[in-house]
Amino acid sequence: MPVPPSAPLPAPSGAAFLREFLRDPLRTASLLPSSRSLAAAATGPVPGTGEPVVVELGPGTGAFTGVIAERLGGRGHHVAVELNPRLAAVLEHTHPGLDVAVADATTLPALLAERGLGRVDVVVSGLPWAAYPTTGRTLPEVIAGSLRPDGVFTQFGYTCTRVLPPAHRLRRQLDAAFGEVAGGPTVWANLPPAFVLTARRPRHR
Ligand SMILES: C[S@@+](CC[C@H](N)C(=O)[O-])C[C@H]1O[C@@H](n2cnc3c(N)ncnc32)[C@H](O)[C@@H]1O
């Protein structure tokens, strides 16, 4: 979504995030962008060599985006899928050249097809768990179907919500869609403290 040159500069990421949280708390799901430590944990599987295709779901104001871009160093292709057009506009200002799709994460296969991209190497998700549909094809199934056989998916969650029913539902969906799912340690240097789920060996149905 190109931003016209006359458009006002978007608010700094913390302010933009808070404003969007107040507008739509369920979809934004956080008062603050993630920390650099959490970004490092979530983006760990982004390959340091080659020309990987990396998809970022729910980039918000770009807490993970910058770290992915640093890891890629201009290699490969980085697609950021953000539902909120105002946050997408912030990303387009702060990351010129980034391939930003203003779309729902569940439309990932169509977004990849539009770009002529096949299966991708890594999907990094900053999505709130509320973005995971509870009926029909699950988002982990959609993501697994979009990954190469050796592809990796990461999703962060807040440690304080780890025991809640949505966390168990997501874990069941991940276990059904991937051959290997591991929960990482708590990243205390994040507000609130968080952890990263890493899923490998996508099942292609
Ligand atoms: C918790 S924030 C995470 C933002 C950023 N990754 C971070 O860690 O700071 C969730 C983001 O996901 C976006 N989002 C929510 N539902 C979505 C969906 N169905 N598809 C794409 N993005 C979505 C929200 O607009 C918001 O930017």
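Residues numbered from 1 in each chain as written. Predicted model: local features only at pLDDT ≥ 70, side-chain atom pairs only at ≥ 80, totals over all residues. Heavy atoms only, no water.

- The protein appears in an unreviewed UniProt entry as 16S ribosomal RNA methyltransferase KsgA/Dim1 family protein from Pseudonocardia autotrophica.

**Let's talk about the site of the ligand**
Thinking step 1. Close to the ligand lie 24 residues; T28, S34, G58, E82 and A105 are nearest.
Thinking step 2. Between the ligand and the protein, one listed contact pairs a nitrogen atom with a backbone N or O atom of G58 at 2.9 Å.
Thinking step 3. Within the side chain of E82, an N or O atom sits 2.6 Å from an oxygen atom of the ligand.
Thinking step 4. Surface burial for the ligand is 98%, taken as the share of its 600 Å² of free accessible area covered by protein chains.
Thinking step 5. Elements that contribute at least two residues to the shell around the ligand include exactly α2 (25-28) and β2 (77-82).
Thinking step 6. Its residues placed into classes, the shell around the ligand shows 14 nonpolar, seven polar and three charged. (Near = heavy atom within 4 Å. Polar contact = N/O pair within 3.5 Å; in protein donor to acceptor, adjacent residues only side chain to side chain. Areas by Shrake-Rupley, 256 points an atom, 1.4 Å probe, with all protein chains shown as cover. Helix = DSSP H or I, 4+ residues; strand = E, 2+ residues; numbered from the N terminus. Nonpolar A, V, L, I, M, F, W, Y, C, P; charged D, E, K, R; others polar.)

**Some remarks on the sheet that holds strand β3 (residues 99-102)**
Thinking step 1. Reading across the sheet, the seven strands line up as β3-β2-β1-β4-β5-β7-β6 and stay open at both edges, with mixed pairing between neighbours. A single partner strand is all that each edge strand has here, and the edge strands are β3 and β6 (178-183). Sheet twist, expressed as the average angle between the axes of neighbouring strands with direction ignored, equals 15 degrees.
Thinking step 2. Looking at chain direction, strand β1 (residues 53-57) and β2 are connected through five bridges and run parallel. (Pairing = 2+ DSSP bridges. Axes fitted to C-alpha atoms, helices over the stretch in contact; angles between N-to-C directions.)

**Focus on the nonpolar core**
Thinking step 1. Ranked by internal contacts, the top residues of the largest apolar core, which has 32 residues, are V55, L57, V123, I143, F153, L174 and F178.
Thinking step 2. Contacts of V55, omitting those with residues within four sequence positions, involve V79, V81, L108, L112, V120, V122, V123 and V124.
Thinking step 3. In this structure, L38, L72, F156 and V196 belong to the second largest nonpolar core, which totals 16 residues. (Core = buried A, V, L, I, M, F, W, Y, C linked by side-chain atoms within 4.5 Å. Buried < 20%, exposed > 50% of the residue type's maximum accessible area, 1.4 Å probe, protein only. Contact = heavy atoms within 4.5 Å.)

**With respect to a nonpolar patch on the surface**
Thinking step 1. Taken together, the side chains of L18, L22, L31, L32 and L191 make up a nonpolar region of the molecular surface, amounting to roughly 500 Å² of accessible area.
Thinking step 2. Among the residues examined, L22 registers a relative accessible area of 63% and is labelled exposed. (Patch = residues over 30% accessible without salt bridge, like charges linked within 9 Å, V, L, I, M, F, W, Y side chains within 5 Å. Salt bridge = Lys/Arg side-chain N within 4 Å of Asp/Glu carboxyl O.)

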